[in-house]
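Working through the structure, step by step
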Amino acid sequence: MTYRVLALDLDGTTLTSDHQIIPAVREAIQQLRSQIMVLLVTGRHHTAARPYYYELGLDTPIISCNGTYIYDYQTNRVLAENAIPQDIGMQFLQLAKQHDLNLVVYVTDRMTLSAQKPIAYMAALEQWAEQCPEAVRPQILRVESFEDEVKNSQYLWKFVVEGDIEKITSFSQLNWVQEHFTGEQSWHNRIDFSRKGNTKGARLQEYLAQHNIPLSEVIAIGDNHNDISMIQAAGLGVAMANAEDAVKAIADQVTKEGNNGQGILDILQQYFGV
């Protein structure tokens with residue numbers, strides 16, 4: 001089988017646990033970009049994926065926030081989106097407050113966290129962002145009011161909730177939440193809430209259909225629950241050795257090593273010869 005597309009998750013897949021790209025992985029992807037279509041398909045906001053996009057030398061759009069939108073770095077514009085309506089976003093904030101949940105809110109051009117209750121992973125992301133060159137630095141802002149961010153932003157991409165995973169899972173199962181949102185676990189203690197129907201797999205399929213590329217010609221690699229949709233959709237779905245068990249269970253293949261070892265290299269060598 002000839003594969004024409006490589007769809008890559010970032011965290012836990014292309015990136016090591018300390019948010020780096022192994023040099024051999026970087027070099028292999030840089031070689032591949034002129035031979036096949038390499039797509040980043042991530043839960044990240046496009047501003048938080050930007051440093052890696054340029055490090056890899058890509059020129060394709062990126063699928064961001066678990067399929068919520070496609071962003072083109074070449075023209076700095078959104079190519080397609082299914083953002084959360086403002087009124088639904090405001091209701092989500094109210095409900096989350098009632099359940100005492102810790103949030104991050106992804107809006108048009110930045111990630112926002114509470115100035116009063118900054119959650120752990122965003123505090124770490126802030127430190128990482130400060131080390132990035134200014135031209136590609138992720139935009140992260142501590143805010144006094146999520147409501148003001150939602151009211152004043154063109155797009156509301158997703159909510160991220162971090163904390164007690166059982167508590168968050170219970171929240172995700174509320175009838176109103178299930179009616180309006182797709183909730184997908186993106187880390188052991190985080191669930192991402194995007195507009196109902198948004199998944200990595202659905203957006204990947206839509207984008208490739210526009211380019212007349214069948215899913216059978218795609219290799220998709222990921223590690224967490226929010227990657228399951230694209231791994232199942234792809235002609236070859238690959239789970240990382242460090243992936244959640246549920247992801248490995250539906251994958252066609254599992255990498256020999258995890259993201260802190262040789263990672264995706266065995267797949268790139270086996271199917272693309274790099």
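Structure: see above.
Report follows, based on the coordinates. (Residues numbered from 1 in each chain as written. Predicted model: local features only at pLDDT ≥ 70, side-chain atom pairs only at ≥ 80, totals over all residues. Heavy atoms only, no water.)

Along the polypeptide, Glu184 turns up in strand β10 (residues 181–187). Buried charge without a salt bridge: Glu184, with Lys200 as the nearest opposite-charge side chain at an N-O distance of 7.5 Å. Those residues in contact with Glu184 that sit more than four places away from it in its chain are Asn66, Arg190, Ile191, Asp192, Asn198, Thr199, His225 and Asn226. (Helix = DSSP H or I, 4+ residues; strand = E, 2+ residues; numbered from the N terminus. Buried < 20%, exposed > 50% of the residue type's maximum accessible area, 1.4 Å probe, protein only. Lys, Arg positive; Asp, Glu negative; His and termini not counted. Salt bridge = Lys/Arg side-chain N within 4 Å of Asp/Glu carboxyl O. Contact = heavy atoms within 4.5 Å.)

With that settled, the discussion passes to the packing of aromatic side chains. Across all of its chains, the model carries 15 aromatic pairs by this definition. Ring centres of Phe92 and Phe159 lie 4.2 Å apart, and the angle between their planes is 10°; this geometry places the pair in the stacked category. Remark: Phe159 occurs in strand β9 (residues 156–162) and Phe92 occurs in helix α4 (residues 86–98); sequence separation between them is 67 residues. Assigned by exposure class, Phe92 and Phe159 land together as buried. The rings of Phe92, Phe159, Phe171, Trp176, Phe181 and Phe193 are connected pair by pair, giving a single aromatic cluster. Over the ring of Tyr121 we find Arg190; its NZ or CZ atom is 3.9 Å from the centre of that ring. (Phe/Tyr/Trp six-rings, centres within 6.5 Å; stacked < 30°, edge-to-face > 60°. Lys NZ or Arg CZ within 6 Å of the ring centre and 35° of its normal.)

We now examine the nonpolar core. One finds Leu6, Ile29, Met122, Ile219, Ile221 and Leu268 to be the most contacted residues of the largest nonpolar core, which totals 58 residues. Apart from residues lying up to four places away in sequence, Ile221 is in contact with Leu6, Ala7, Leu8, Asp9, Thr13, Met230, Val238, Met240, Ile264 and Ile267. Of all hydrophobic cores here, the second largest spans 22 residues; its members include Ile88, Val107, Leu156 and Val177. (Core = buried A, V, L, I, M, F, W, Y, C linked by side-chain atoms within 4.5 Å.)

Attention now moves to the environment of Ala120. Mapping Ala120 onto the fold places it in helix α5 (residues 120–130). Placed 150 residues apart in sequence, Ala120 and Gln270 show a C-alpha to C-alpha distance of 38 Å.

Let us now look at the pattern of salt bridges. Pairing is possible between side chains that carry opposite charge, provided their charged atoms lie close to one another. Here the structure, examined in full by the defined rule, presents 13 salt bridges. Lys97 is the salt-bridge partner of Glu147, the closest N and O atoms lying 3.6 Å from each other. Of this pair, Glu147 sits in helix α6 (residues 146–152) while Lys97 sits in helix α4, and the two are 50 residues apart along the sequence. Residue Glu147 is classed as partly exposed on the basis of its relative accessible area of 21%. The exposed category is assigned to Lys97, whose relative accessible area is 61%. For Arg142, the salt bridge is made with Glu126, and the minimal N-O distance between the two is 2.6 Å. Here the residue Arg142 occupies a position in strand β8 (residues 140–143), and Glu126 occupies one in helix α5, the gap between them amounting to 16 residues. Judged by its relative accessible area of 39%, Arg142 falls in the partly exposed class. When its relative accessible area of 19% is taken as the criterion, Glu126 is described as buried.

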